[in-house]
Amino acid sequence: MSTTTNTSRKSAFDTHHPPSNEIIEKCVHCGFCLPVCPTYVLWGQEMDSPRGRIYLMKLATDGGAEMNPKWVSHFDSCLGCMACMTACPSGVDYGKLIEATRAQIERNTPRSRVEKFHRRFVFEIFTRPDRLRKLRLPLLAYQRSGLQAVLRASGLLKLLPKKMQALESLMPKLVKSESVAEVTPAVGTKRCRVGLLLGCVQREFFPQVNAATARVLAAEGCEVVAPPAQPCCGALLVHAGEEMAAIELAKKTIDAFESANVDAIVTNAAGCGSNVKEYGHLLRDDPDYADRAKIFASKCKDISEVLAGIEPRTQRHPLNLRVAYHDACHLQHAQGVRSQPRALLSAIPGLELAEIPESAICCGSAGIYNLVEPEAAKELGDRKAQLIAPLKTGVVATGNPGCILQIQSSLARQGQKTPVVHFIQLLDASLRGKSIESLPR
């Protein structure tokens, strides 16, 4: 494939941060990315692989391709899981390429009225904790009245559009809300002061995960600050090409934490964690925030990284349990965090860790992917569930709320009732001497 730039033709991209030609040129089309790319694994199509998409970026840069619906479809089908980055021997930063390309697509190509409405609905709900909070009551009524069970058993939900079916199937089973105090004191001698990023879906639909995170940190000597004014971090938006909206949320997030005077900012949602660690890149053009964003990003760490970096202080009680650990893509690929969650779980007495085959391949959650590309997401979810079943584990643990929802839904389709939890819930149960049955899920 020739990568010679043709300067006589106009680029299909506008001039605001097009995909970096320097990064594009790093790709030598070796094919190491192919076995780990979810869409290539499913379909075997070159243009639905990372190197194929990079080739399409190069064509568009050189004016050899237009951003027409066919061209766009290959980027819409990408999960943005970053498995290709882990596999790439040339160090191609595909994450920056796909995010720049998606921003170009959202600015410069039209979408159907239905697609625009669906995406706007997703962004207006899932990036707004206040709106998610208002949804709790009607969703609780839907679940506890028995209406959900009746509709699912009747097959009537299959009459809905596929994207609406996906929304319903991914609905979390709501549990009692648990709030995290603005300041949670450290138990014993204080080691450090950390901020806790509460997230959006995590905050409202998985409050037990944030509560467990704060308890574990406090038990290990960390004072935990959860600024009440923190908004959505913008992860869903930036991964989907909604650059300007993501930038505004990033600024508000930085503002909310700066006055907290913390040593580290702890994340417990893989997608959020990968996003805030890239704030320096996202806000690189803003003279008021560029340096502040770099400082903020340098403090961001996944909960497993924080705990792996301090000597355990609190006794671990036994959990006699076989656990399948699922690597969230934005934890293992985007953040490079793989060993730390495994080390935390392996240190719990009685806990046996089982590895899921094809751990590099996404479960199909991928931000809003399972809401906008439900058929491909379902294929990937079913593939993951079929790999989990033979392991005969008592629980599946992971580090991202989207993965929890996706895997729960996929296991249910396979007739499996294995619970799916955040790994921090297992550590919290061990520290408190609780059984797995006590976990809210």
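Caption draft 1: Main features of the overall build of the protein chain. If you tally the helices and strands in the protein chain, you get 24 helices and 9 strands. Rg of the C-alpha trace for the protein chain: 22 Å, near the compact-globule value of 22 Å for 441 residues, within the 12% margin. The C-alpha extent of the protein chain, read off along each of the three principal axes, is 70 × 55 × 40 Å. Burial statistics for the protein chain: of 441 residues in total, 56% are counted as buried. Pairs at least 24 residues apart make up 78% of the contacts formed inside the protein chain by residues separated by at least 6 positions. For the protein chain, the centre of its 54 positive side-chain charges and the centre of its 44 negative side-chain charges are spaced 6 Å apart.

Caption draft 2: Fine view of the sheet that holds strand E2 (residues 192-196). On the basis of which strands lie adjacent, the open sheet formed by 5 strands has the order E1-E3-E2-E4-E5 and mixed pairing. Lying at the two open borders of the sheet, with one neighbouring strand each, are strand E1 (183-184) and strand E5 (300-302).

Caption draft 3: The side chain of asparagine 400, seen in detail. Inspection of the secondary structure assignment puts asparagine 400 in the loop between strand E8 (395-398) and helix H23 (401-413). Classification of asparagine 400 by relative accessible area gives buried; the value is 12%. A distance of 3.0 Å separates a polar atom in the side chain of asparagine 400 from the backbone nitrogen of alanine 270. When near neighbours in sequence (up to four residues on either side) are disregarded, asparagine 400 contacts Ala269, Ala270, Gly271, Ala328 and His422.

Caption draft 4: Expanded view of the packing of aromatic side chains. Evaluation of the coordinates by the stated rule reveals 5 aromatic pairs. Ring centres of tyrosine 279 and phenylalanine 296 lie 5.3 Å apart, and the angle between their planes is 20°; this geometry places the pair in the stacked category. Of this pair, tyrosine 279 sits in helix H16 (residues 279-282) while phenylalanine 296 sits in helix H17 (residues 290-299), and the two are 17 residues apart along the sequence. Like tyrosine 279, the residue phenylalanine 296 is buried in the burial classification. Ring pairs connect the aromatic residues Phe13, Trp71 and Phe75, which therefore count as one cluster. Note that arginine 292 overlies the ring of tyrosine 289, its terminal NZ or CZ placed 4.2 Å from the centroid.

Caption draft 5: Layout of the pairing of E2. Within E2, 4 of the 5 residues are buried, which leaves the element mostly enclosed by the surrounding structure. Bridging between E2 and strand E3 (residues 222-225) involves 4 bridges; their strand directions are parallel. Bridging across to E3, glycine 195 finds its partner in valine 225. Where E2 and strand E4 (residues 264-267) come together, 3 bridges link them in parallel fashion. Its bridge partner lying in E4, valine 194 is registered against alanine 264.

Caption draft 6: Seen up close, the pattern of salt bridges. Under the defined criterion, the tally for this structure stands at 37 salt bridges. One salt bridge in this structure joins lysine 58 and glutamate 25, with 3.1 Å as the shortest N-O distance. Of the two residues, lysine 58 is situated in helix H3 (residues 50-61) and glutamate 25 in helix H1 (residues 21-26); the sequence distance between them amounts to 33 residues. Its relative accessible area of 34% is what places glutamate 25 among the partly exposed residues. Here aspartate 428 and arginine 215 are joined by a salt bridge, their closest N and O atoms 2.8 Å apart. With aspartate 428 in helix H24 (residues 423-432) and arginine 215 in helix H12 (residues 207-219), this pair connects stretches of sequence that are 213 residues apart. Through salt bridges that share partners, Asp76, Glu106, Arg111, Glu115, Arg119 and Lys163 make up one connected network.

Conventions used here
- Residues numbered from 1 in each chain as written.
- Predicted model: local features only at pLDDT ≥ 70, side-chain atom pairs only at ≥ 80, totals over all residues.
- Heavy atoms only, no water.
- Helix = DSSP H or I, 4+ residues; strand = E, 2+ residues; numbered from the N terminus.
- Rg over C-alpha atoms; globule rule 2.2 N^0.38 Å.
- Buried < 20%, exposed > 50% of the residue type's maximum accessible area, 1.4 Å probe, protein only.
- Contact = heavy atoms within 4.5 Å.
- Lys, Arg positive; Asp, Glu negative; His and termini not counted.
- Charge placed at Lys NZ, Arg CZ, Asp CG, Glu CD.
- Pairing = 2+ DSSP bridges.
- Polar contact = N/O pair within 3.5 Å; in protein donor to acceptor, adjacent residues only side chain to side chain.
- Phe/Tyr/Trp six-rings, centres within 6.5 Å; stacked < 30°, edge-to-face > 60°.
- Lys NZ or Arg CZ within 6 Å of the ring centre and 35° of its normal.
- Salt bridge = Lys/Arg side-chain N within 4 Å of Asp/Glu carboxyl O.

Function cannot be inferred from these measures alone, as they are strictly geometric.
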